[in-house]
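Take a look at the letters that make up each chain.
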Amino acid sequence: MKSIKPLISPLVALALAGAAVSSFAATSVKATVNGMVCAFCAQGIEKRLSKLPAAKAVYVDLKEKVVAVEAKDGQTLDAKSITAEITDAGYDVVKLETLEQSVADIRAGMKTKK
Amino acid sequence: MIEFVRTAAAKCLCALAAAFAAAGGAAAAPMGFKDSWMSMGDIGPNWKEAWVNYALTPRDAVGAGALYMRSDDGGTTRRLAELNYTRLLQRWNLPHAQANVWFFAGAGAITGNDFDGSRLALAPGLQVDYETTRVYVAATARLYRAPKLNHDFASLRAGFSFYEVDYDEVQPWFIVEARRMRGLSDKAEITPMLRLVHKRFFVELGVNNSEQARANFMYIF
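Just so you know, these numbers come straight off a predicted model, no measurement behind them.

Enquirer: Describe the interface of chain B and chain A, and please don't skip the residues or the numbers.
Expert: With 24 residues of chain B in contact, the opposing surface of chain A contributes 20 residues. Mapped by element, the contributors of at least two residues to the side of chain B that touches chain A are β4 (77-94), β5 (97-112) and β15 (213-220) of chain B. Considering each element in turn, the side of chain B that touches chain A owes the most residues, 3 residues, to β4 of chain B. When its residues are assigned to classes, the side of chain B that touches chain A shows 10 nonpolar, 8 polar and 6 charged.

As C-alpha cells, then:
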C-alpha cells in the first residue's frame, strides 16, 4: 500500500487539471441558415448575434450557409435567442446544433472542407 | 501582396462609402435588418437620390428621402422631398438563394422649374428581386404622381459575380441596369456597373449610355 502512495498525488493533480480543461472547453452553437447569399445583407446576423450577452465570437460562412456562435467561458448560449436573432435579421434557421468546438475550430473545419 | 492590395482596396471603398454617406448621397434598395438604420444613394447628372430609413421590424422600415430629376436636355427639373415606408411583402429564403417582393409608399412635396409652388406627390412602388451568391436579378416599378405630373419609373437590373468570396472579403459583380422615366426622358438609360459588396458597404460605379458617370451606395449603421 505504501508503495502506491507517491502515485496518488500526481494522479489527483492530473484529474483536477483535466477537469479544469474540460470546464473551459469551448462550446458553440452552429446554425444552418437559408437565404444567406449576400455579405452586406447578412451583416445583420453578425451584428445581432455579437450583442448576445453570452456570445464570445461569431462566424459567418456564406458558401456553406453556416453561422456559428461561441459561448463565453462558463456561459450558456440560448438556442431560442439565436434563432430569434437570425430570424429578425431576415433569414430562416433550418438546423441548429451544439458543438464542443470554438468558432476558430469550426472556421478551420470549413476551410478544410472547401 | 494580393492581401495587401485587397486590404487597401477595402479601405478605399470604406472611405468612398463614408464620403457618400457624409455628403448625404442618394440611393436604391430597400431596408436593413430590424433596428438598423440604412442610408442609400444614387448619384448621376440627371438623377440624384438620397434616402435614410429605419427598420422597425424585420419587414417594415420608415424613412425620409430627397430626389432630384432632370430631363435629358437639362431644361426641366424636379425636386421631391418625401417620407417613405418600405414593406417586405414576401421573402423566400432558399438553401442557396433569396427572393423578395417589396412594397414602397412615399408622399411628399414636389417642385419644378416649369411650375410655381409645390404639389403633393405620391410615390407607391413594387420591387421583385432574386439573388444567389453568383446571380442577381431585380425589377422595380414606382409611380411618381402629382397633379398634372406623371414621372412613373421602371428599372431592370441583372448581373453576376465574378467569383464567390468569404464573408469578410470584397465581392465584385458586373451589373447592368436599364431604367426609364416618363415625362422627363424619352430614352432608356442603360448603365453597366461594377458592384463591390462587402459586409460593411455596397457600392456601384458605372457609366451610362449618355456617357454620364453614376454611383450608387448603401450603408447600414
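What follows continues from the structure just given.
Enquirer: Go over the environment of P53 of chain A with me, naming the residues and quoting the values.
Expert: Relative to the helices and strands, P53 of chain A resides in the loop between α2 (39-50) and β2 (55-61). Along the primary structure P53 of chain A and K72 of chain A are separated by 19 residues, whereas in three dimensions their C-alpha atoms are 8.6 Å apart.

Enquirer: Residue-level account of unusual backbone geometry, with values.
Expert: Residues and elements named next belong to chain B. One non-glycine residue, D35, lies in positive phi territory at about 70 degrees. Among the secondary structure elements, D35 is positioned in the loop between α1 (2-22) and β1 (37-43). Positive phi values are uncommon outside glycine, yet E211 reaches one of about 60 degrees.

Enquirer: For the sheet that holds strand β4 (residues 92-99) of chain A, give the residues involved together with the corresponding values.
Expert: Residue and element names in this part refer to chain A. The strand order across the open sheet built from 4 strands is β2-β3-β1-β4, with neighbouring strands paired in antiparallel fashion. Edge positions in the sheet fall to β2 and β4, since each of these pairs with one other strand and no more. Across this sheet, the average inter-strand angle for adjacent strands is 20 degrees, counted without regard to direction. Here strand β1 (residues 28-34) pairs with strand β3 (residues 66-71) via 5 bridges, running antiparallel. The residue bridging S28 from the neighbouring strand is E70, located in β3. Relative to the sheet, α2 contacts β2 and β3, its axis offset from that of β2 by approximately 165 degrees.

Enquirer: Quick one: what's the story with the packing of α2 of chain A against helix α3 (residues 79-88) of chain A, residue by residue and with numbers?
Expert: Residue and element names in this part refer to chain A. In contact at an axis separation of 8 Å, α2 and α3 are set at 145 degrees when each is read in the N-to-C sense. In this structure, the crossing between α2 and α3 has a hand that is right-handed. When α2 is examined against α3, the residues I45, R48 and L49 are found in contact with a partner set consisting of I82, E85, I86 and D88. Its residues assigned to classes, the contact of α2 with α3 comprises 4 nonpolar, no polar and 3 charged.

Enquirer: Tell me about α2 of chain A, and name the residues and values.
Expert: Think of an α-helix as 3.6 residues a turn; residues three or four steps apart then line up on the same face. Residue and element names in this part refer to chain A. Over its 12 residues, α2 runs 16 Å from end to end, which matches the ideal 16 Å to within 8%, given 1.5 Å per residue. Here α2 lies mainly inside the structure; 9 of its 12 residues are buried. Among all positions in α2, only A39, F40, C41, A42, Q43, G44, I45, R48 and L49 are buried.

Enquirer: Explain the nonpolar core to me, using residue names and the numbers behind them.
Expert: Nonpolar side chains tend to gather and get buried jointly when the protein is soluble and globular. Residues and elements named next belong to chain A. By size, the foremost hydrophobic cluster in this structure holds 47 residues, and its most contacted members are A42, I45, V60, V67, V69 and I86. It is α2 that contributes the most residues to this core, 6 residues altogether. Those residues in contact with V67, other than ones at most four positions away along the chain, are A31, V33, I45, V60 and I86.

Enquirer: Describe the confidence of the model for chain B, naming the residues involved and giving the relevant values.
Expert: Residue and element names in this part refer to chain B. Model confidence for chain B is summarised by a mean pLDDT of 87, while 87% of its residues fall at 70 or above. Segment residues 1-29: pLDDT under 50, and 46 contacts once partners within four positions in sequence are set aside and those in other chains are kept. Across the assembled chains, the prediction reports ipTM 0.75 with pTM 0.81.

About the cut-offs
Residues numbered from 1 in each chain as written. Chains lettered and ligands numbered in written order. Predicted model: local features only at pLDDT ≥ 70, side-chain atom pairs only at ≥ 80, totals over all residues. Contact = placed C-beta atoms within 7 Å. Helix = DSSP H or I, 4+ residues; strand = E, 2+ residues; numbered from the N terminus. Nonpolar A, V, L, I, M, F, W, Y, C, P; charged D, E, K, R; others polar. Pairing = 2+ DSSP bridges. Axes fitted to C-alpha atoms, helices over the stretch in contact; angles between N-to-C directions. Left-handed = near helix turned anticlockwise from the far one by under 90°. Expected span 1.5 Å × (residues − 1). Buried ≥ 20, exposed ≤ 12 C-beta atoms within 10 Å, placed from the backbone. Core = buried A, V, L, I, M, F, W, Y, C linked by C-beta atoms within 7 Å. pLDDT = per-residue confidence, 0-100.

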